[in-house]
Amino acid sequence: MSIKIAIAEDNSFLLKAILDKLSIFPDIEVKFHGFNGLEFLEKLEKNPNIHLILMDIEMPKMNGIETVEKVTQKYPHIKIIMLTVMDDDENIFRAIQAGANGYFLKEVDPPTLHQGILDTLDGGAAMTPSIALKTLKFLRNPPHFEEKKEEISLTSREVEILEQTSKGLNYNQIGENLFISPKTVRKHLENIYQKLQVHSKLEAVQKAVKNRIIEG
């Protein structure tokens with residue numbers, strides 16, 4: 001039986017390197033890849049018949065740790081190995097906390113990567129020795145990383161619209177309250193989505209509350 005793999009990686013050169021490593025093994029079948037977390041999740045929704053994901057961390061639109069959280073929630077049966085150049089403590093801790101089953105650096109040699117995939121599918125946790133040591137250290141002394149507050153700059157009008165949106169009001173109602181047209185409200189919300197890097201009213205409100213832009 002072939003092992004169906006999907007890859008999330010935004011760097012074409014590194015993606016090719018990973019594909020070359022995996023091409024040596026006849027039991028591995030790469031079904032698709034995504035260049036960012038959002039694209040990857042869209043492809044996964046169309047083709048969820050995947051055994052394991054190799055996940056980068058630093059990606060545009062949605063990073064690997066956020067993507068792991070979403071995959072773990074929706075597809076808990078799919079195993080995930082982080083495959084990244086980042087081995088700092090915070091990334092390792094957050095990736096494992098988000099639901100990653102293993103963590104390799106991209107310089108991993110093909111046999112170790114292949115064995116790691118097999119071990120992970122067999123219920124193990126594939127990690128390079130240095131990562132495993134750091135993970136043990138986390139268990140002994142759980143770290144307390146500061147939550148990074150994002151620099152988000154909204155205009156006072158955009159904040160007003162977000163506050164109205166959080167109350168469940170539609171474009172027409174917000175427009176009436178603020179004496180602007182529904183079309184203008186929609187345009188403001190588009191700008192808000194872009195600034196907050198979200199895709200729905202619910203996400204916008206959640207992120208605004210989290211960053212203390214509006215009251216929850």
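Heads up: the structure comes first, above all this text.
Owing to the predicted nature of the structure, the values given are computational and were not obtained by experimental measurement. (Residues numbered from 1 in each chain as written. Predicted model: local features only at pLDDT ≥ 70, side-chain atom pairs only at ≥ 80, totals over all residues. Heavy atoms only, no water.)

Caption draft 1: Quick peek at unusual backbone geometry. A positive phi angle is found at phenylalanine 179, which is not glycine, with a value near 60°. As for its placement among the helices and strands, phenylalanine 179 is situated in the loop between helix H8 (171-178) and helix H9 (182-196). The exposure class assigned to phenylalanine 179 is exposed, which follows from its relative accessible area of 76%. (Helix = DSSP H or I, 4+ residues; strand = E, 2+ residues; numbered from the N terminus. Buried < 20%, exposed > 50% of the residue type's maximum accessible area, 1.4 Å probe, protein only.)

Caption draft 2: Structural view of H9. Between its first and last C-alpha atoms H9 spans 21 Å; for 15 residues at 1.5 Å apiece the expected length is 21 Å, and the two agree. All of the buried residues in H9 are Val185, His188, Leu189, Ile192, Tyr193 and Leu196. Down the axis of H9, the buried side of the element spans an arc of 145°, and every buried residue falls inside it. Looking at H9, the residues exposed on the side facing more than 90 degrees away from the buried face are Lys183 and Gln194. The inward-facing, buried residues of H9 contact helix H7 (156-166), H8 and helix H10 (201-210). One or two steps after H9, the chain reaches glutamine 197, where phi turns positive at roughly 60°. (Expected span 1.5 Å × (residues − 1). Arc of directions from axis to C-beta. Contact = heavy atoms within 4.5 Å.)

Caption draft 3: Seen up close, helix H5 (residues 110-121). With twelve residues, H5 should reach 16 Å at 1.5 Å per residue; the first-to-last C-alpha distance of 17 Å fits that figure. The inward-facing, buried residues of H5 abut strand S1 (3-8), helix H1 (12-23), strand S2 (28-34), strand S3 (52-55), strand S4 (79-84) and strand S5 (102-105). Taken from the residues just after H5, glycine 123 is the one with a positive phi, measuring 100°.

Caption draft 4: Representation of the sheet that holds S3. The sheet built from five strands is open, its strands ordered S2-S1-S3-S4-S5 with parallel pairing. In this open sheet, the two edge strands, each paired with only one partner strand, are S2 and S5. The average angle at which neighbouring strand axes cross in this sheet is 25°, direction not considered. Where S3 meets S4, four bridges bridge the pair, whose relative direction is parallel. The residue bridging isoleucine 53 from the neighbouring strand is isoleucine 80, located in S4. Along the sheet, helix H2 (residues 37-46) makes contact with S1, S2 and S3, crossing S2 at roughly 130°. Lying on the sheet, H5 is in contact with S1, S2, S3, S4 and S5; it crosses S4 at an angle near 155°. (Pairing = 2+ DSSP bridges. Axes fitted to C-alpha atoms, helices over the stretch in contact; angles between N-to-C directions.)

Caption draft 5: Inspection of the nonpolar core at higher detail. Of all hydrophobic cores here, the largest spans 27 residues; its most connected members are Phe40, Leu44, Ile53, Met55, Met82 and Tyr103. Elements with a contribution of two residues or more to this core: S1, H2, S3, helix H3 (64-74), S4, helix H4 (89-98) and S5. Considering every element that reaches this core, the biggest residue donor is H2, with four residues. The contact partners of methionine 55, leaving out residues within four places of it in the chain, are Ala8, Phe40, Gly64, Thr67, Val68, Ile80, Ile81, Met82 and Leu83. (Core = buried A, V, L, I, M, F, W, Y, C linked by side-chain atoms within 4.5 Å.)

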